[in-house]
Amino acid sequence: MKTARIALWTILIAFLAVAAISPPAGAKKDEAPAGLKKMIAVVEFEDKSDRSRWNWTGPNPGRGMSDMLMTALVQSGEFSVMEREQLDHVLAEQNLGQSGMVTAQTAPQLGKLLGVTAIVYGSVSEFGYMASDTGGRISGLGGAGFSKTTARVSIDVRIIDTTTGEILLAETASDEKTQMGLKLSTEDFSFGHKGKFDQTLVGKATREAIEDLVESIVETLEDVPWTGRIIKASGMKIYLNAGQSTGITAGMKFNVYRMGEALIDPVTGLDLGAEEELLGVIEASDIKEKYAICSVVSGSGFDAGDMVRYE
């Protein structure tokens, strides 16, 4: 009997110990502190719209819509978005100037070069106006007649995890606006003039499609761990490619990983990711606007290009 009681107490103590160290139900293992913004890049969208069907003589909708998405993602307060000029420079150096060349195979290498958690890319499949005449002439307006004008926007977007090359989201966002009224010449507004563009039919459709995309991107990346890159290692000083603008604060600790050789499927040619070697832990100490200087807590051998992760 005594032996049975000892065994029972041993099991009970072990259970309580496990319960004490286990996270509460629903807790997110990789949840980052409030204000820590994940770094992403938005590649210029390809324009695959059929201009013979949808009338649009304005600027490239691929460039304009990707820029609108960048601005909306920044305004969401959830992300630090890589500047367009810096992104274009890296893509040009890697001969990846077109968004269609960003693939699951190239994403991990791009992630290492860009230092971002994810890359957003895609294409515009529909963009512009379609008008149907109802005939008739209005005094004083020459040949103007009543018409129904429809504006339609459709964007196909993918998000790739730069660590694994996994496609996290593949989604089509679209919207359509219709207006009955006078058929007058359509004025093409620049994407850069938000006030005017947002008042047009195509501008309203674009804005709603972009807002839908932002919601999907926020939800998709919510449980993806925050990652960054070491840009320089000098003795006990480690320089991180994120600072105040990304929400880094003094005292934050990050695990440092070195990615091994890429694991390529010999049949499909797909990059399946790579093994990670945990090198140690660093702590943010001196925070600048766009970078942070960290001190070594444990480990050694850190070098530029090593990945850091908040865990």
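Once a new chain begins, its residue numbering starts again from 1 and follows that chain's sequence as written. Predicted model: local features are reported for residues with pLDDT of at least 70 only, side-chain atom pairs are reported and counted for 80 or more only, and whole-chain, interface and lining totals are derived from all residues. Heavy atoms throughout the structure, all of them, feed into the side-chain values; hydrogens and water do not.

**Brief notes about the confidence of the model for the chain**
Under the convention used in this document: Values of pLDDT, which run from 0 to 100, indicate the predictor's confidence residue by residue. Whether two residues touch is decided by their heavy atoms; if any such pair falls within 4.5 Å, the residues are in contact.
Scored by pLDDT, the chain comes out at a mean of 79, with 74% of its residues at no less than 70. Confidence over residues 184-188 falls short of pLDDT 50; this stretch has five contacts with residues more than four positions distant or in other chains.

**Focus: the environment of Ala 304**
The cut-off we apply is this: Secondary structure is summarised from DSSP: a helix means a run of H or I of at least four residues, a strand means a run of E of at least two, and numbering begins at the N terminus for each.
Summarising the element assignment, Ala 304 is placed in the loop between strand S11 (292-299) and strand S12 (307-309). Beyond its immediate sequence surroundings of up to four residues, Ala 304 is in contact with Ile 230, Ile 231 and Lys 232.

**Quick look at the environment of Lys 232**
Here Lys 232 lies in strand S7 (residues 227-234). Along the sequence, Lys 232 and Phe 302 sit 70 residues apart, while their C-alpha atoms lie 8.8 Å from each other. Among all residues touching Lys 232, those that are not within four sequence positions of it are Lys 237, Ile 238, Tyr 239 and Ala 304.

**Here we look at the environment of Lys 38**
Note the cut-off: Each residue is assigned to one of three classes by its accessible area relative to the maximum for its type, calculated with a 1.4 Å probe on protein chains only: buried under 20%, partly exposed between the two thresholds, exposed over 50%. Polar contacts, as used here, are pairs of N or O atoms within 3.5 Å; protein pairs need one atom able to donate a hydrogen and one able to accept it. Residues neighboring in sequence count only if both atoms are side-chain atoms.
If you trace the backbone, Lys 38 turns up in strand S1 (residues 38-42). Among the residues examined, Lys 38 registers a relative accessible area of 10% and is labelled buried. On a C-alpha basis, the gap between Lys 38 and Pro 225 in space is 8.3 Å, while along the polypeptide they are 187 residues apart. Those residues in contact with Lys 38, other than ones at most four positions away along the chain, are Glu 78, Phe 79, Ser 80, Thr 117, Leu 221, Glu 222, Asp 223, Val 224, Pro 225 and Trp 226. One polar contact links the side chain of Lys 38 to the main-chain carbonyl oxygen of Leu 221, over a distance of 2.4 Å. A polar contact is formed between the side chain of Lys 38 and the backbone oxygen of Glu 222, at a distance of 3.1 Å.

**Topic: helix H4 (residues 107-114)**
Heads up, the condition is: The directions from the helix axis to the C-beta atoms form the arc being described.
The set of residues buried in H4 consists of Ala 107, Pro 108, Leu 110, Gly 111 and Leu 114. Down the axis of H4, the sector holding all buried residues measures 160 degrees, keeping them to one side.

**Section: the pairing of strand S8 (residues 237-240)**
What counts here: For two strands to pair, DSSP has to find at least two bridges joining them.
Examined bridge by bridge, S7 and S8 share four bridges and lie antiparallel to one another. Opposite Ala 233, over in S8, you have Ile 238 as the bridge partner. The hairpin formed by S7 and S8 contains two residues between the paired strands, and Gly 235 there has a positive phi angle of roughly 65 degrees. Sheet topology note: the S8/S11 ladder contains four bridges and is antiparallel. Across the sheet, the residue bridging to Leu 240 is Ala 292, located in S11.

**Quick look at the pattern of salt bridges**
The cut-off we apply is this: Only one rule defines a salt bridge in this text: a Lys or Arg side-chain nitrogen within 4 Å of an Asp or Glu carboxyl oxygen.
Summed over the entire model, instances satisfying the criterion amount to 12 salt bridges. A salt bridge links Asp 175 to Lys 177; its shortest N-O distance comes to 3.7 Å. Owing to a relative accessible area of 22%, Lys 177 belongs among the partly exposed residues under this scheme. Here Glu 208 makes a salt bridge to Lys 177, at a shortest N to O gap of 2.7 Å. Residue Glu 208 is found in helix H6 (residues 201-221), and its partner Lys 177 is found in strand S6 (residues 167-182); the two are separated by 31 residues along the sequence.

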